[in-house]
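These are the residues of each chain, in order.
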Amino acid sequence: MWQVVGQSRAVSLLQRSLEQGSIAHAYLLVGPPHVGKMTLALNLAQAVNCPAAEPPCGLCNACQKITSGKHADVQIIGLNSGGNSTEDKPHAEISINQIREMQHSSSLPPFEGRYKVFIIDGAELLSTEAANCLLKTLEEPVGGVIFILLTTNGTMLPATVVSRCQQLELHPLPTSEVKAVLNEQRSIEPKKAELLARLCHGCLGWALSAAVDDSLLQQRAERLDRLLALITGDYEERFDYVAQLVAQFSQGRGLVQEVFDLWLDWWRDLLLVKLGSSGAITNIDFEATLVDMARGYNLAQIRAFINSIQAAGEQLRQNANPRLVLEVLMLRIPGRSGG
Ligand SMILES: [Zn+2]
């Protein structure tokens, strides 16, 4: 059984390749964070190493070892593997040494399975040297080795690397599908399932993590409090906040993107409330606050600020100066008009 939920297109393509014995030697799985890229990669690693009649069975020794990260032939390469310290680097990246180690390992025959599988998590974080080194490996495929690159953004990888991989897109699930999966797990209260299904925007992995780890919802509440305080805060408070975000931006863009998404959700919710569609909001646990706040703004103000957040996000993606972009955004937070 493929464990990944809702990615039927990618799964059936892989399933067909398996049946036809035409598995590619390199895959690039592209999709937003927590959409299921790692789950699918591990499933594929199971599928090629599982002895069952209909792999991946999920039950045999090989499948279970892969799930628990204990299979000798399945390795994950990422920022947190191979003793790669990110603390002293302004921009965390996957180093050439990690790729060289992987190359060496890939030149040895499988230890206990049929295939060696190397999963590169966050492939957009490969350093230039590491990407060039990887390219050489991809250009000279050897039997019994599969590389699976995972990325949130394929355009941040060298085109030469992308062209050597079979690309599979993973898409966010409909909210109803996420809710159905969460409701199958009886330990999650229906109300919480509803909230998580909306908050995750189709990325089931986040909802499943947040269901068992309260710190994720707590973190969201803290970030939201912080953002709401900025609306009434003076410029000094807003610029202090920018300074903190910029410091985090240099360590990893993902976190800043999460804050942006939260901010965008909030203002979209205000728009929905203003338009009389409260039933469609994301932050259902803050509905009363949203209704109250929406009274202080007119539609044009809300729309303009949503555009500003989107534009700022786009500028950051295009490598604009983060401090400048965020400070301009802070100046654009609309004042309450009572409209
Ligand atoms: Zn199995």
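Look above for the structure.
Since this is a predicted model, take the numbers as computed values, not measurements.

Undergrad: Sorry if this is basic, but what is going on with the sheet that holds strand S3 (residues 116-121) here?
TA: Strand order in the open sheet made by the five strands is S2-S3-S4-S1-S5, with parallel pairing throughout. Looking at which strands have only one partner, the edges of the open sheet turn out to be strand S2 (74-77) and strand S5 (166-169). The mean angle between the axes of side-by-side strands here comes to 20°, regardless of whether they run parallel or antiparallel. Bridge analysis of strand S1 (residues 26-30) against S5 gives four bridges, and the strand direction is parallel. Looking at S5, one finds that Leu28 is bridged to Gln167. Of the strands in this sheet, S1 and S5 are in contact with helix H1 (residues 8-19), which crosses S5 at around 145°. Its contacts with the sheet put helix H4 (residues 96-106) on S2, S3 and strand S4 (145-151), and the angle it makes with S3 is roughly 165°.

Undergrad: Can you walk me through the coordination of the zinc ion in this structure?
TA: Each pair of donors in an ideal octahedron of six around a metal sits at 90 or 180 degrees, and each pair in an ideal tetrahedron of four sits at 109.5 degrees. Protein coordination at the zinc ion comes from Cys50 (SG), Cys57 (SG), Cys60 (SG) and Cys63 (SG), with a distance range of 2.2 to 2.4 Å. Around the zinc ion, the four donor atoms are arranged such that angles at the metal cover 104 to 118°; this shape is classified as tetrahedral. Along the chain, the residues donating to the zinc ion fall in the pattern C-x6-C-x2-C-x2-C. Residue class for Cys50 comes out buried when judged on its relative accessible area of 1%.

Undergrad: Would you take a moment to explain the environment of Lys116 for this structure?
TA: Of note, Lys116 is situated in strand S3. Relative accessible area serves as the criterion here: at 6%, Lys116 is assigned to the buried category. Once residues within four sequence positions are removed from consideration, Lys116 is found in contact with Asp73, Ser105, Ser106, Leu108, Pro109, Pro110, Phe111, Gly144, Val145 and Ile146.

Undergrad: Would you explain the packing of helix H8 (residues 190-199) against helix H10 (residues 214-232) in this entry?
TA: Interaxial distance between H8 and H10 falls to 13 Å at its minimum, and their mutual angle equals 65°. Judged by the sense of rotation from one axis to the other, the crossing of H8 with H10 is left-handed. Contact residues: Lys192, Leu195, Leu196 and Leu199 in H8; Asp214, Leu217 and Arg220 in H10. In terms of residue class, the contact of H8 with H10 is built from four nonpolar, no polar and three charged.

Undergrad: Would you explain empty space enclosed by the protein in this entry?
TA: Take a probe with the size of a water molecule and roll it over the atoms, and the empty space left behind shows itself. On inspection of all chains with the given rule, the structure shows one cavity of 30 Å³ or more. Forming the walls of the largest cavity are Leu227, Tyr241, Leu245, Val259, Phe260, Trp263, Leu326, Leu329 and Met330. Counting only elements with at least two residues in the lining of the largest cavity, the list comes to helix H11 (235-251), helix H12 (253-274) and helix H15 (322-331). For the lining of the largest cavity, a count of residues per class yields nine nonpolar, no polar and no charged.

Undergrad: Just checking my understanding: could you explain the side chain of Gln46 for this structure?
TA: Along the chain, Gln46 turns up in helix H2 (residues 37-49). A residue is classified by how much of its surface remains accessible, and Gln46, at 4% relative accessible area, is buried. Of note is the side chain of Gln46, whose polar atom sits 3.1 Å from the side chain of Asn43. Ignoring sequence-local partners within four residues, the contact set of Gln46 consists of Pro56, Cys63, Ile66 and Thr67.

Undergrad: For this particular structure, what's the right way to read unusual backbone geometry?
TA: Leave glycine aside and you will find that most residues have negative phi; peptide bonds, for their part, are mostly trans. For the bond running from Pro55 to Pro56, omega is -5°, close enough to zero to count as cis. Its place among the elements puts Pro56 in the loop between H2 and helix H3 (61-67). Residues other than glycine seldom take positive phi values, yet His34 does so here, at roughly 65°. Within the secondary structure, His34 is located in the loop between S1 and H2. Since its relative accessible area comes to 42%, His34 is described here as partly exposed.

Quick notes on the rules
- Residues numbered from 1 in each chain as written.
- Predicted model: local features only at pLDDT ≥ 70, side-chain atom pairs only at ≥ 80, totals over all residues.
- Heavy atoms only, no water.
- Pairing = 2+ DSSP bridges.
- Helix = DSSP H or I, 4+ residues; strand = E, 2+ residues; numbered from the N terminus.
- Axes fitted to C-alpha atoms, helices over the stretch in contact; angles between N-to-C directions.
- Contact = heavy atoms within 4.5 Å.
- Donors = N, O, S within 2.8 Å, 3.2 Å for Na, K, Ca; no water.
- Tetrahedral: all angles 85-135°; square planar, octahedral: opposite > 155°, others 65-115°.
- Buried < 20%, exposed > 50% of the residue type's maximum accessible area, 1.4 Å probe, protein only.
- Left-handed = near helix turned anticlockwise from the far one by under 90°.
- Nonpolar A, V, L, I, M, F, W, Y, C, P; charged D, E, K, R; others polar.
- 1 Å grid on protein atoms, 1.4 Å probe; cavity = no way out; pocket = protein on both sides within 12 Å on 5 of 7 lines; lining within 4 Å.
- Points joined across faces, edges and corners; volume = space filled by probe spheres on them.
- Polar contact = N/O pair within 3.5 Å; in protein donor to acceptor, adjacent residues only side chain to side chain.

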